[in-house]
Amino acid sequence: MKLSVRMVAVAAVLATAACAPQTSGNSSSDKDEKTGTLRVWLFQEVNNKPKEEVVDSVLAEFETAHEGTDVTVEYIPVETRAQRIKAAFNDPKSAPDLVEYGNTDTAGYVKDGGLADVTEEFAAWDEAKDTDPTARQSVTVGGKIYGVPYFVGVRALYYRTDVFEELGLDVPKTQAELISTAKEIRAAKPELYGIAVGGAYTYGAMPFIWAHGGELATGTGGSYAAAIDSAAARKGIEAYTSLFGDDNCPAAKCAAMTGNDTITAFAAGKAAMAIGGDFSHAAVEAGKVKGAYAVVPLPGLKPGSIAPAFAGGNNLGVLRSTTHRTLAVDLMKRLASKKAQGELFEAMGFLPTFSDVRQQVAAKEAFVKPFVETLAADTKFVPASPAWAQIDAGQVLPTMFQEVVSGKKDVATASADAAKKMNDAFGSVG
């Protein structure tokens, strides 16, 4: 059998997203074919080749075990995932059988009726017993399991050791020091961003909001109200947006930058600092700064404190519309197995979701330490509401940051407008 791995053209993705219909529910397929072609959508990483190699290895074993089966893998941009996946929920003929999705999207995708309930298969999976409880929760909605955890991730502060040594700088111990150090570097080396930041980098901005005592929203049990316009949240927004300017990261260039863009800039030697994940390690190692950088937890407001980080990560899920459910579930478990997650860590730096495997890799690799420390210090999550997928896809928070850094609105106005959009989304899901 021939294994086909295809890269998705950005233009094609955007075209699909642009004409995506509104999700109106999804019906499960009655078919469960044991041969044929399986379609898989995985996320495109900054440096994707190592991920492809791990995936190809898993698929080769899968093909050997299932004669007459072909697998086509498409790597899709993270930034447009919501539009693409929701369109697939409405068009089973073009939909994949198996998809990688962000753990913030679980509740929304379940509400849309797109993901298959795999509670029984997960319970019968031998390796599932070692899944980290937090990771398991990320695939759980209403007590049912809708996928398997693929990896967990948090962000920390990458910095150029050579630049800091040359300028005689200390590693920032507070967010105030982080901001002043970034601007000091920019003044001394105008060819560099002091710290690469992005107006479309929501998860890089969240630690600033949380460190100042702000929250995205408040509530429990699926009922939420926006809190992004609170006094504490506004202080965090002001701190983060103060990094956009000619004295650090010019708004004209940085307002549209995503998280991947900031890591690309750092890896290419264009920034002295960046907020990146454990999952960014491979891309940085493949860049010009290899051997000239280090990582520490992102500082909080007080010396020695660690800013709360977003407890991120990705999951794998089978679509309800698949006509190859048994095969898709088996492939899902193989891709997210202990063996595959260990290989993904070696290739990409993705932290495993199995507690025992994570302990093993942490003991072997020193670079994991600041991320494990961050996980242990304080992590936060987005509202566990189906509305979050709508808020995320609608670019509500990036729009708020971009309005501030462009000078179109002040922090109070932009955050109030964002809060209204968030509340509209929360209200739309009940």
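For the structure itself, look to the data block above.
From a predicted model like this one, the values you see are computed outputs, not experimental measurements.

Draft legend 1. Broad picture of the overall build of the protein. Counting secondary structure elements, the protein contains 20 helices and 15 strands. Computed over its C-alpha atoms, the radius of gyration of the protein comes to 21 Å, within 12% of the 22 Å expected for a compact globule of 430 residues. Dimensions of the protein along its principal axes, counting C-alpha atoms only, are 60 × 45 × 40 Å. Out of the 430 residues in the protein, the part that is buried amounts to 55%. Taking contacts inside the protein between residues at least 6 apart in sequence as the whole, the part at least 24 apart equals 79%. Total accessible area on the protein is roughly 17100 Å²; 51% of this is exposed by carbon and sulfur atoms. Charge separation in the protein, taken as the distance between the mean sites of 42 positive and 52 negative side-chain charges, equals 3 Å.

Draft legend 2. Summary view of the state of the cysteines. Counting across every chain of the model gives one disulfide. Between the sulfur of Cys-249 and that of Cys-254 lies a disulfide, 2.0 Å long from S to S. Residues Cys-249 and Cys-254 share a disulfide whose torsion about the S-S bond is about -85 degrees; that sign makes it left-handed. A residue is classified by how much of its surface remains accessible, and Cys-249, at 0% relative accessible area, is buried.

Draft legend 3. Fine view of the packing of aromatic side chains. Going through the model one piece at a time under the given rule, you end up with 19 aromatic pairs. Between Tyr-158 and Phe-371, the ring centres sit 6.3 Å apart and the planes meet at 50 degrees, which makes this aromatic pair tilted. Here Phe-371 lies in helix 17 (residues 369-377) and Tyr-158 lies in strand 8 (residues 155-160), a separation of 213 residues in the sequence. No difference in accessibility class separates Tyr-158 from Phe-371, as the two residues are buried. Ring pairs connect the aromatic residues Tyr-150, Phe-151, Phe-279 and Phe-350, which therefore count as one cluster. The ring of Trp-41 is capped by Arg-84, whose NZ or CZ atom sits 4.2 Å from the centre of that ring.

Draft legend 4. Representation of helix 16 (residues 355-364) in the model. Buried within helix 16 we find Val-357, Arg-358 and Val-361. Here the buried residues of helix 16 occupy an arc of 100 degrees about the axis, which is enough to place them on one side. In helix 16, the exposed positions that point more than 90 degrees away from the buried face belong to Gln-359 and Ala-363. Where helix 16 is buried, its residues contact strand 7 (148-153) and helix 15 (338-348).

Quick notes on the rules
- Residues numbered from 1 in each chain as written.
- Predicted model: local features only at pLDDT ≥ 70, side-chain atom pairs only at ≥ 80, totals over all residues.
- Heavy atoms only, no water.
- Helix = DSSP H or I, 4+ residues; strand = E, 2+ residues; numbered from the N terminus.
- Rg over C-alpha atoms; globule rule 2.2 N^0.38 Å.
- Buried < 20%, exposed > 50% of the residue type's maximum accessible area, 1.4 Å probe, protein only.
- Contact = heavy atoms within 4.5 Å.
- Areas by Shrake-Rupley, 256 points an atom, 1.4 Å probe, with all protein chains shown as cover.
- Lys, Arg positive; Asp, Glu negative; His and termini not counted.
- Charge placed at Lys NZ, Arg CZ, Asp CG, Glu CD.
- Disulfide = S-S within 2.5 Å.
- Phe/Tyr/Trp six-rings, centres within 6.5 Å; stacked < 30°, edge-to-face > 60°.
- Lys NZ or Arg CZ within 6 Å of the ring centre and 35° of its normal.
- Arc of directions from axis to C-beta.

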